Amino acid sequence: MSEAAQPKRISRGGMIDRARALSFRFDDRDYTGYAGDTLASALLANGIRRVGRSFKYHRSRGVLTAGPEEPNALVELRTGDRREPNTRATVTELFAGLEARSQNRWPSLALDLGAVSSCFSPLFVAGFYYKTFMWPKSFWEKLYEPAIRRAAGLGRASGQPDPDGYEKSFGFCDVLVIGAGPAGLAAALAAARRGARVVLCEEDFLLGGRLNAERCSIDGSDAVDWVRRVEAELASFADVRILRRTSVFGLYDGTAGSHSASGTRTFGAVERVSDHLQQPPQFQPRQRLWKIVARRAVLAAGAVERTIAFGGNDRPGIMLASAVRSYVNRFAVLPGRRVAVFTSTDDGWKAAFDLSEAGASVEALIDARGEPPASLIEQLRATGARLYAGSRVVEGHGSAGLSGVTIMDSQARRTRLRVDALAVSGGWNPNLALATHTGSKPRWSERIHAFVPDVLPGGLAVAGAARGALTLREALSEGAEAGAAAAEQLGFSGAAGEQWRADEEASEVAPLWFVGESRGKAFVDFQHDVTHEDVALAAREGFRSVEHLKRYTTLGMATDQGRTSALNAHAIMSALTGRSIAELGTPGARPPCTPVAIGAFAGPHRGRHFRPTRRTAGHGWAQEQGATFIEAGDWLRAQWFAQPGESDWQATVDREVKAVRTRVGLCDVSTLGKVDIQGRDAAKFLDRVYSNVFSTLPVGKVRYGLMLREDGFVLDDGTSAHLSPDHYVMSTTTANAQRVLQHLEHARQLLWPDLDVRLASVTEQWAQYAIAGPESRRLLEQALGDALSVSNQAFPYLACAEFRWQGVPARLFRISFSGELAYELAVPAQYGDAAVRAIAAAGASLGVVPYGLESLNVMRIEKGHLTGNELNGTTTAADLGMGRLMSTRKDFIGRVLAQRPGLTDPRRPALVGVRPIDPYSPVRSGAHFLSMGEPPTLENDQGYVTSAAFSPMLNSWIALGLLSRGRERLGERIRIHDPVRSGTDVEVEVVAPVFFDPAGERLVT
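A quick note: this is a predicted structure, and the numbers were derived from the prediction, not measured.

**Structural notes on the overall build of the protein**
Line of reasoning, step 1. Looking only at helices and strands, the protein features 23 helices and 50 strands.
Line of reasoning, step 2. If one aligns the C-alpha atoms of the protein with their principal axes, the spans along those axes are about 110 × 75 × 55 Å.
Line of reasoning, step 3. Expressed as a percentage of its 1005 residues, the buried residues of the protein come to 56%.
Line of reasoning, step 4. Sequence separation of at least 24 residues holds for 67% of the intrachain contacts in the protein that already meet a minimum separation of 6.

**Details of the environment of Thr616**
Line of reasoning, step 1. Here Thr616 lies in the loop between β31 (614–615) and α16 (619–624).
Line of reasoning, step 2. Note on Thr616: relative accessible area 11%, which makes it buried.
Line of reasoning, step 3. Each C-alpha atom, one on Thr616 and one on Pro442, is 56 Å from the other, the two residues being 174 residues apart in sequence.
Line of reasoning, step 4. Setting aside chain neighbours within four positions, we find Thr616 in contact with Trp635, Leu636, Asp668, Ser670 and Thr671.
Line of reasoning, step 5. Within polar-contact distance, the side chain of Thr616 engages the side chain of Asp668 at 2.7 Å.

**Observations concerning unusual backbone geometry**
Line of reasoning, step 1. The peptide bond linking Trp106 to Pro107 adopts the cis configuration, its omega dihedral lying at 5 degrees.
Line of reasoning, step 2. In this structure, Pro107 sits in the loop between β7 (98–101) and α2 (128–132).
Line of reasoning, step 3. Going from Pro591 to Pro592, the amide bond is cis rather than trans, its omega being 0 degrees.
Line of reasoning, step 4. Note on placement: Pro592 falls in the loop between α14 (581–584) and α15 (598–602).
Line of reasoning, step 5. Phi angles above zero are rare outside glycine, and Asp28 is one such case at about 70 degrees.
Line of reasoning, step 6. Here Asp28 lies in the loop between β1 (17–26) and β2 (29–35).

**Points about the pattern of salt bridges**
Line of reasoning, step 1. Evaluation of the coordinates by the stated rule reveals 62 salt bridges.
Line of reasoning, step 2. The residue Arg245 makes a salt bridge to Glu93 at a minimum N-O spacing of 2.4 Å. Here Glu93 lies in the loop between β6 (84–88) and β7 and Arg245 lies in the loop between β12 (240–243) and β13 (246–252), a separation of 152 residues in the sequence.
Line of reasoning, step 3. The buried category is assigned to Glu93, whose relative accessible area is 13%.
Line of reasoning, step 4. When salt bridges that share partners are traced, they join Arg78, Arg82, Glu84, Asp164, Asp275 and Arg286 into one network.

**A short note on the packing of aromatic side chains**
Line of reasoning, step 1. Applying the stated criterion to the full structure yields 15 aromatic pairs.
Line of reasoning, step 2. A centroid spacing of 5.7 Å and a plane angle of 35 degrees characterise the contact between Tyr327 and Phe331, whose relative ring orientation is tilted. Of the two residues, Tyr327 and Phe331, neither departs from the other in class, the shared state being buried.
Line of reasoning, step 3. Pairing Trp444 with Trp513 gives two aromatic rings, centres 6.4 Å apart and planes at 45 degrees, and the pair type is tilted. With Trp444 in strand β26 (residues 443–445) and Trp513 in the loop between α10 (472–489) and β29 (523–525), this pair connects stretches of sequence that are 69 residues apart.
Line of reasoning, step 4. Aromatic rings pair up to connect Trp444, Phe451 and Trp513 into one cluster.
Line of reasoning, step 5. Sitting above the plane of the Phe523 ring, Arg61 keeps its charged end 4.9 Å from the centroid.
Line of reasoning, step 6. In this structure, Arg330 packs its charged tip against the face of Phe205, placed 5.0 Å from the ring centre.

**Description of the pairing of strand β48 (residues 956–964)**
Line of reasoning, step 1. Of all 9 residues that make up β48, 9 are buried, and the element is covered over most of its length.
Line of reasoning, step 2. Pairing of strand β45 (residues 909–916) with β48 involves 6 bridges; the strand directions are antiparallel. If you follow Val914 over to β48, its bridge partner there is Ala959.
Line of reasoning, step 3. What sits between strand β47 (residues 943–951) and β48 in their antiparallel hairpin is a turn of 4 residues, with Asn955 showing a positive phi close to 55 degrees.

**Thoughts on the nonpolar core**
Line of reasoning, step 1. Of all hydrophobic cores here, the largest spans 56 residues; its most connected members are Phe24, Phe26, Leu39, Val63, Leu98, Tyr327 and Leu355.
Line of reasoning, step 2. With sequence-adjacent residues up to four places away left out, Leu98 is seen in contact with Ser23, Phe24, Arg25, Leu39, Leu77, Thr92 and Glu93.
Line of reasoning, step 3. Ranked by size, the runner-up nonpolar core spans 36 residues in total, among them Ala186, Val240, Leu476 and Ala480.

**Some words on the side chain of Ser41**
Line of reasoning, step 1. Turning to its location among the elements, Ser41 is positioned in helix α1 (residues 39–45).
Line of reasoning, step 2. Exposure remark for Ser41: the relative accessible area of 0% places this residue in the buried category.
Line of reasoning, step 3. Within polar-contact distance, the side chain of Ser41 engages the backbone nitrogen of Thr38 at 2.9 Å.
Line of reasoning, step 4. In contact with Ser41, not counting residues within four places along its chain, are Tyr327, Phe331 and Val333.

**Points about the sheet that holds strand β35 (residues 673–678)**
Line of reasoning, step 1. The antiparallel open sheet is built from 5 strands, whose spatial order is β36-β37-β38-β35-β39. A single partner strand is all that each edge strand has here, and the edge strands are β36 (702–708) and β39 (758–761). Averaged over all neighbouring strand pairs, the angle between strand axes comes to 25 degrees, with direction disregarded.
Line of reasoning, step 2. Where β35 and β39 come together, 4 bridges link them in antiparallel fashion. The residue bridging Gln678 from the neighbouring strand is Arg758, located in β39.
Line of reasoning, step 3. Contacts between helix α18 (residues 682–689) and the sheet are confined to β35, β36, β37 (714–724), β38 (727–732) and β39, with β38 contributing the most and set at about 25 degrees to the helix.
Line of reasoning, step 4. Each of β35, β36, β37, β38 and β39 touches helix α19 (residues 737–751); the most contacted strand, β39, lies at about 165 degrees to it.

**A short note on helix α8 (residues 349–358)**
Line of reasoning, step 1. For α8, every residue scored as buried is listed here: Trp349, Ala351, Ala352, Phe353, Asp354 and Leu355.
Line of reasoning, step 2. On its buried side, α8 packs onto α7 (321–329), β18 (338–343), β19 (361–367), α9 (374–381), β20 (386–389) and β24 (421–425).
Line of reasoning, step 3. Residue Gly359 follows α8 closely and has a positive phi angle near 105 degrees.

**Observations regarding the state of the cysteines**
Line of reasoning, step 1. Per the counting criterion, the structure on display carries 0 disulfides.
Line of reasoning, step 2. Cys173 supplies the cysteine sulfur nearest to Cys201, a cysteine that is in no disulfide, at a spacing of 8.1 Å.

**A word on the environment of Tyr31**
Line of reasoning, step 1. Its location among the elements puts Tyr31 in strand β2.
Line of reasoning, step 2. As a C-alpha pair, Tyr31 and Gly370 span 339 residues in sequence and 44 Å in three-dimensional space.
Line of reasoning, step 3. With residues near it in sequence (within four places) discarded, Tyr31 still touches Leu22, Ser23, Phe24, Phe26, Asn46 and Ile48.

**Focus on the sheet that holds strand β22 (residues 404–408)**
Line of reasoning, step 1. If you walk across this open sheet you meet the 3 strands as β21-β22-β23, and the pairing is antiparallel. The strands lining the two open edges of the sheet, one partner per strand, are β21 (392–397) and β23 (414–417). Neighbouring strand axes in the sheet, compared pairwise and without regard to direction, differ in orientation by 25 degrees on average.
Line of reasoning, step 2. As defined by bridge partners, β22 adjoins β23 across 4 bridges and the pair is classed as antiparallel. Bridge pairing in β23 links Met408 to Arg414.

**Examining the pairing of β20**
Strand residues, when the strand is regular, have side chains that alternate between the two faces of the sheet.
Line of reasoning, step 1. Where β19 lies against β20, 4 bridges are found, and the strand directions are parallel. Note on β20: the bridge partner recorded for Asp367 is Ala389.
Line of reasoning, step 2. Remark: the β19/α9/β20 crossover connection has right-handed handedness.

**Thoughts on the environment of Asp668**
Line of reasoning, step 1. Here Asp668 lies in strand β34 (residues 665–668).
Line of reasoning, step 2. Along the primary structure Asp668 and Ser845 are separated by 177 residues, whereas in three dimensions their C-alpha atoms are 20 Å apart.
Line of reasoning, step 3. Beyond its immediate sequence surroundings of up to four residues, Asp668 is in contact with Thr616, Gly618, Arg637, Gln768 and Tyr769.

**A closer look at the packing of α7 against α8**
Line of reasoning, step 1. Relative to each other, α7 and α8 sit at 25 degrees, their axes nearing to 9 Å. By the angle between their directions, the pair α7 and α8 is classed as roughly parallel. Relative to α8, the crossing made by α7 is left-handed. Here Ala321, Val324, Arg325, Val328 and Asn329 of α7 lie close against α8, whose contacting residues are Lys350, Ala351, Asp354, Leu355 and Ala358.
Line of reasoning, step 2. In the contact of α7 with α8, the residues fall into 6 nonpolar, 1 polar and 3 charged.

**Regarding a nonpolar patch on the surface**
Line of reasoning, step 1. Among the surface-exposed residues, Trp106, Leu111 and Leu113 lie close enough to one another that they form a single nonpolar patch of about 370 Å² accessible area.
Line of reasoning, step 2. Position of Leu111 among the secondary structure elements: in the loop between β7 and α2.
Line of reasoning, step 3. With a relative accessible area of 53%, Leu111 lands in the exposed category.

**Quick notes on helix α13 (residues 566–577)**
Line of reasoning, step 1. With 12 residues, α13 extends 17 Å between its outermost C-alpha atoms, agreeing within 8% with the 16 Å of an ideal straight helix rising 1.5 Å per residue.
Line of reasoning, step 2. Where α13 is concerned, the buried positions are Ala566, Leu567, Asn568, Ala569, His570, Ala571, Ile572, Met573 and Ser574.
Line of reasoning, step 3. After α13 finishes, the residue Gly578 shows a positive phi value of roughly 75 degrees.

Here is what the cut-offs are and how they apply
- Residues numbered from 1 in each chain as written.
- Predicted model: local features only at pLDDT ≥ 70, side-chain atom pairs only at ≥ 80, totals over all residues.
- Heavy atoms only, no water.
- Helix = DSSP H or I, 4+ residues; strand = E, 2+ residues; numbered from the N terminus.
- Buried < 20%, exposed > 50% of the residue type's maximum accessible area, 1.4 Å probe, protein only.
- Contact = heavy atoms within 4.5 Å.
- Polar contact = N/O pair within 3.5 Å; in protein donor to acceptor, adjacent residues only side chain to side chain.
- Salt bridge = Lys/Arg side-chain N within 4 Å of Asp/Glu carboxyl O.
- Phe/Tyr/Trp six-rings, centres within 6.5 Å; stacked < 30°, edge-to-face > 60°.
- Lys NZ or Arg CZ within 6 Å of the ring centre and 35° of its normal.
- Pairing = 2+ DSSP bridges.
- Core = buried A, V, L, I, M, F, W, Y, C linked by side-chain atoms within 4.5 Å.
- Axes fitted to C-alpha atoms, helices over the stretch in contact; angles between N-to-C directions.
- Disulfide = S-S within 2.5 Å.
- Right-handed = clockwise from strand over helix to strand, strands pointing away.
- Parallel < 35°, antiparallel > 145°, perpendicular 65-115°, else oblique.
- Left-handed = near helix turned anticlockwise from the far one by under 90°.
- Nonpolar A, V, L, I, M, F, W, Y, C, P; charged D, E, K, R; others polar.
- Patch = residues over 30% accessible without salt bridge, like charges linked within 9 Å, V, L, I, M, F, W, Y side chains within 5 Å.
- Areas by Shrake-Rupley, 256 points an atom, 1.4 Å probe, with all protein chains shown as cover.
- Expected span 1.5 Å × (residues − 1).

Following this line, the structure appears as structure tokens:
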């Protein structure tokens, strides 16, 4: 392909694949690039300098860096439901069909009406909205806040469900190496050669780090060739995993306290598995979140070059010197034809040399230092560039892109140069955020004028530029030493340390943060448009600590986290307040230190994967019976079983309730939580977690139990069956099954680890069916045959037994939630479908009726039984009329705090029943209790309805509720107020909470 379409592409060199041309679109125009390009390098190759608009002032912005620290070149990537805002063009791999759009502009990037805000920039200083939008107060919600919200943000989310998948994965290694530059590669190779399991994480798609962007050699050969040799050797080790496109974003404590002490740490990382593709292949995730547990770690994340603040330093065409070298050497892109270099470091001079070698005209090298090294001056002569020593750039000119710069020498003489690109180098800031995530503080280094790691978290070593060692020779040496030491600390031995030869480098730096002679806006934070004037204002108004400065000006709070410029702001504050930068300090870093998609944190746990639909073993049978299902906790349960001719669900429920009360019904109760409890101390354990006594429960019997939280409130109720001397099965409510198991495990593992007791959730392992009604015993006799006698004498109320039914293990419990003669038959889940069909067949001659959750709810309200509506986390045993279940002969969880005066106050709401004076007046859950004649105010609120239903047996609406001093008020008439749904009041009578068969005679028939 002819490169005429890419006017800034260098005709030779680079690490791109010129045989693979790729088409892409930017702002609805077609362009071409090559495999190996990033979106930023491809745009620059096509002569595109203006990439976006700034957040506050809508100023034209171009590419500043070549890495993940990019603050300017943020674009919307892809379209439709895959549209992704605020994507850094500098790390977006180019792929065929890529579509990108600039952000924060309207109607176009070239003509943005929002740029008018620059005219009002004197008003839009730091914290202006705190001071401006104060009056009139009524305008805040109607005008100010909506306007601010519309202006906030850069990109646009798609507003549609994300079609891509995300995964979570776990990694375990001896040595984790973070960063695959020279120090990281040397560390990984040293550890691997000693036999350690190594994971190497690199956020780029190429290993090598800065070696891919520099003209340097190792052992006399090209550094890129050295990278490929090391990469091949690492790939040859069976215990080495290389994770490309993977950013380590957080360092966390070890998986246990002892692990932290021994050095083992947990790291969070995100692998961009398919971000470099138009869309992920089938069954491949978009991104993968890694939780990596490493016994030792080496941080070799390199350093970020910082800019220098001067007037107009945000013009498109002004770039970091290291970025210029990246585009020239790695991507074969010339950022400009007439270029100047502005530096206060030796390192910045490399940009002039590389630009000249690539064919650019280097117009000037402006070094703020008065006497640069003589060796660099001699090398500069070959480029033809003019040296301005002791000079500074005071202004950048141009709108759509840089057209020139004004420089000022030590005599205050100003000179204007016509250039279309400026490379800036103000020094390097080590990438040390990960080293501070657990609270470690960095220290100030006068050698490189930046913060470097100080006291490190246990198990972490730092090497290379991340430690402030900025030369290649130092990086190779420190990396090899750190990798070898990490492996040897874990008991791996090896040969003598690795040694590689690299050229000497000039690496001096003189601090230059801000050119005070500038007249225009000098930006210290590009992404949030924070200028030197904002920092000065913060100092005048007392926001002088770095933490206050950050929050008052929003400095360093964008996606780049202030990597390129925050230190400049701190240095300006240092000068304004007369404190050293070391005294001023730097804000603490918290994970994640790089943007991570929420989808990656969620992983596959969204939609039905977040809350999978769980079906019981009898689900298919219920479907055949015409069930309507409802979600109950994580499960689908049959709500009712409608039959032809029934007008609505209420008619269906009435029929089911009457059938159970007069004949026999069949209900799937498999979803109730089931916890298997075994061990020599199982009874003692139950005594401690239940408020009533279980150690006296004989084998073959079931007991109802109440469980409290540590704060004295009721957690759950249920039954526990004593199957054999050291074996119990606990039943819990469906919604609380997981919460109860966690409570039990907490008690077992932390409160009483000395008890011989083991727990297992067996909810899914057993299918369980309730057979309830006057004919339930006859049905079981026909179904079980000789397998088990269920006569009243052989199997009385609250009995339980294990037996075999048609060769299958089975359990039978004589318990009832409906208040009828009832049993619950359990079989292993794989036999659940066969079991329910056998029960239904045995009961056909008796007129057995399947009934659902709604009918069960009606019957339990008729009997005053409790569910989650009453066990809502705010009620006590006394509130629910179960104070008698709180044993005075033993201790148990929650006993002491349940005696607090606030929980024993007789004025607390207590459980009562209510019946409307007009039996057909509907009562709704959630409606409030009021005394007759009192207005519906919060002060007059006396409680609320917890559960309500129409009872076909009583031919009336009935309800349970929590009423203040409820047990003292039986027989009193009050009213129920429901302003949300009905808007009308219902007069009711307070009654006992048991409406049907109060003596319980039907249970023991």
